[in-house]
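Listed below are the residues making up each chain.
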Amino acid sequence: MNRSKRKYIRQAVITAVVLFLAIQFIRPKIDNLPATGDFKAPPEVKSIIERACYDCHSNATNLRWYDQISPIYWQVAAHVKTGREELNFSNWDSLAPADQKGLLWEAVNQVAAGAMPIKNYEFVHPSAKVSDNDLAVLKNYLMGMVHDKPGDTAKINALDKQYKELQNPVTKLPKAANGVTYIPDYKNWQPISTTERFDNGTMRVIFGNDVAVKAIRENNIHPWPNGTIFAKVAWDQLEDKDGNTTTGAFKQIEYMIKDDKKYASTKGWGWARFKTPKMVPYGKDALFTTECVDCHEPLKNEDYVFTMPIKN
């Protein structure tokens, strides 16, 4: 190696070291504020939540020495900021009981889908991994919070009331604030999967239009093709004395419409939710889609789709 080449390598190494040292002073602030009302649960449940979730979803962030080295620190700070905004177990008491159940259900659902903990975080923090046994503990805890009594009188009455209201069906198609119009033809689509909201006692069926069904048959779902539409319909879940479950009153329908150009600002999907048999659009303005995108963001590697189709 000649002298000029050695000099060039030495200068490059010195420059890299100086830059590495310099970026250590660029440190987004991570505030560890006091908990106003920490998450309370049985010890076996809380230990899992603390181990797997608290670093990003609480004010008790535990930074290891390797987390504090930039540029890794920058990613950690971003994860903590976003995580606390979406779910903060240190402010648990500020949430209504129904919101607590809903957020906990979303968290457990994302763990079951493999979206949480985030894989690059889990890789360097292996203790955060949620095992199958851990997941079963979390599910049992959540189901125990909301288990319905057989023959729930309120739900039966709600169903009877809806039968009377359905004598005056919706005639004008409602439209969500982002321009997505209610699509009544979903009733003729093929069911592609089911899911259960065990946090609020509802059962759901996901329907797919012809484009979605064709994509499933051809395994063309990474990403889903433009024109794909999903309709997720939710009903109360009724349980009789023998443990048999049936659908109760209609609750809502949610749509995901794939068009990567028209809906580029919302991850390529048009989102909408219509509630009650009157199909009342959800959201005061188009910003309601932020909730949808934030909830589905962990599934970006699955094109933001939570429930995978059931295959024969």
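Residues numbered from 1 in each chain as written. Predicted model: local features only at pLDDT ≥ 70, side-chain atom pairs only at ≥ 80, totals over all residues. Heavy atoms only, no water.

Structural notes on the pattern of salt bridges
Following the criterion strictly, the structure yields 13 salt bridges and no others. Here Asp 134 and Arg 51 are joined by a salt bridge, their closest N and O atoms 2.9 Å apart. You can see Asp 134 sitting in helix α6 (residues 132–146) and its partner Arg 51 sitting in helix α2 (residues 43–57), a full 83 residues away along the chain. Residue Asp 260 is joined to Lys 261 by a salt bridge in which the shortest nitrogen-to-oxygen separation is 3.9 Å. For Asp 260, a relative accessible area of 39% gives the class partly exposed. Three or more residues joined by partner-sharing salt bridges are found here, namely Arg 204, Lys 232, Glu 254 and Arg 273. (Salt bridge = Lys/Arg side-chain N within 4 Å of Asp/Glu carboxyl O. Helix = DSSP H or I, 4+ residues; strand = E, 2+ residues; numbered from the N terminus. Buried < 20%, exposed > 50% of the residue type's maximum accessible area, 1.4 Å probe, protein only.)

Details of the nonpolar core
Residues Tyr 186, Trp 224, Phe 230, Ile 253, Tyr 255, Trp 269 and Phe 274 are the most contacted members of the largest nonpolar core, which totals 37 residues. Put simply, the parts of the chain that give this core at least two residues each are β2 (202–208), α8 (210–217), β3 (229–239), β4 (245–258), β5 (269–275) and α9 (289–296). What Phe 230 contacts, discounting residues up to four positions off in sequence, is Trp 189, Ile 192, Ile 206, Phe 207, Gly 208, Ala 212, Trp 224, Glu 254, Tyr 255, Met 256, Trp 269 and Val 305. By size, the runner-up hydrophobic cluster in this structure holds 20 residues, among which are Leu 87, Trp 105, Val 111 and Met 116. (Core = buried A, V, L, I, M, F, W, Y, C linked by side-chain atoms within 4.5 Å. Contact = heavy atoms within 4.5 Å.)

Points about the side chain of Asp 134
Taking the relative accessible area as the measure of exposure, Asp 134 reaches 11% and is therefore buried. Setting aside residues no more than four positions away along its own chain, Asp 134 makes contact with Ile 48, Arg 51 and Lys 129.

A look at α2
The first and last C-alpha atoms of α2 sit only 18 Å apart over 15 residues, clearly below the 21 Å expected at 1.5 Å per residue. Bending of α2 peaks at approximately 45° at the position of Arg 51. Within α2 the residues assigned to the buried category are Val 45, Lys 46, Ile 48, Ile 49, Ala 52, Cys 53, Tyr 54, Asp 55, Cys 56 and His 57. (Expected span 1.5 Å × (residues − 1). Bend = angle between axes of the 7 residues up to and from the residue.)

Focus on the environment of Thr 82
By the secondary structure assignment, Thr 82 is in helix α3 (residues 72–86). You can call Thr 82 partly exposed: its relative accessible area is 40%. Residues Thr 82 and Cys 56, 26 residues apart in the sequence, show an inter-C-alpha distance of 8.0 Å.

Some remarks on the packing of α2 against α3
Between two packed helices, what matters for the description is the angle formed by their axes and the separation of those axes. The N-to-C vectors of α2 and α3 enclose an angle of 100°; their axes lie 7 Å apart at closest approach. In terms of orientation, α2 lies roughly perpendicular with respect to α3. Taken together, the residues of α3 that come into contact with α2 (itself represented by Asp 55, Cys 56 and His 57) are His 79, Val 80, Gly 83 and Arg 84. Of the residues belonging to the contact of α2 with α3, the class tally is 2 nonpolar, 3 polar and 2 charged. (Axes fitted to C-alpha atoms, helices over the stretch in contact; angles between N-to-C directions. Parallel < 35°, antiparallel > 145°, perpendicular 65-115°, else oblique. Nonpolar A, V, L, I, M, F, W, Y, C, P; charged D, E, K, R; others polar.)

Here we look at helix α4 (residues 97–112)
End to end, α4 covers 22 Å across 16 residues, agreeing with the expected 22 Å (1.5 Å per residue, within 8%). A positive phi of about 85° marks Gly 114, the residue just after α4.

Focus on the pairing of β2
Counting buried positions over the 7 residues of β2 gives 6, a clear majority of the element. Across 7 bridges, the pairing between β2 and β3 is antiparallel. Paired with Gly 208 across the bridge in β3 is Phe 230. (Pairing = 2+ DSSP bridges.)

Overview of the confidence of the model for the chain
Caution is warranted with low-pLDDT regions, since their predicted coordinates should not be read in detail. Looking at the chain, the pLDDT average stands at 83 and 87% of residues meet or exceed 70. Taking the mean pLDDT of every element in the chain, the minimum, 60, falls on helix α7 (residues 153–165) and the maximum, 96, on β5. (pLDDT = per-residue confidence, 0-100.)

Some details on unusual backbone geometry
The omega torsion of the bond from Ser 70 to Pro 71 falls at 10°, within 30 degrees of zero and hence cis. Position of Pro 71 relative to the elements: it lies in the loop between α2 and α3. Following His 222, the chain continues into Pro 223 via a peptide bond in cis, with omega recorded as 5°. Examined against the element boundaries, Pro 223 turns out to sit in the loop between α8 and β3. Its identity is not glycine, yet Met 279 carries a phi of approximately 55°, on the positive side. By the element assignment, Met 279 lies in the loop between β5 and β6 (280–281).

Let's talk about the packing of aromatic side chains
Summed over all chains, the structure comprises 12 aromatic pairs. Plain terms: the ring middles of Tyr 182 and Tyr 255 are 6.3 Å apart, the flat faces sit at 65° to each other, and that makes the pair edge-to-face. One end of the pair, Tyr 182, is in the loop between α7 and β1 (190–197); the other, Tyr 255, is in strand β4, and 73 residues separate them in sequence. Neither residue differs from the other here; Tyr 182 and Tyr 255 are each classed as buried. The rings of Phe 39, Tyr 54, Phe 89 and Trp 92 are connected pair by pair, giving a single aromatic cluster. The positively charged end of Arg 27 is found above the aromatic ring belonging to Tyr 73, 3.9 Å away from the centroid. The ring of Tyr 282 has Arg 273 sitting right over it, with the charged end atom 4.4 Å from the ring centre. (Phe/Tyr/Trp six-rings, centres within 6.5 Å; stacked < 30°, edge-to-face > 60°. Lys NZ or Arg CZ within 6 Å of the ring centre and 35° of its normal.)

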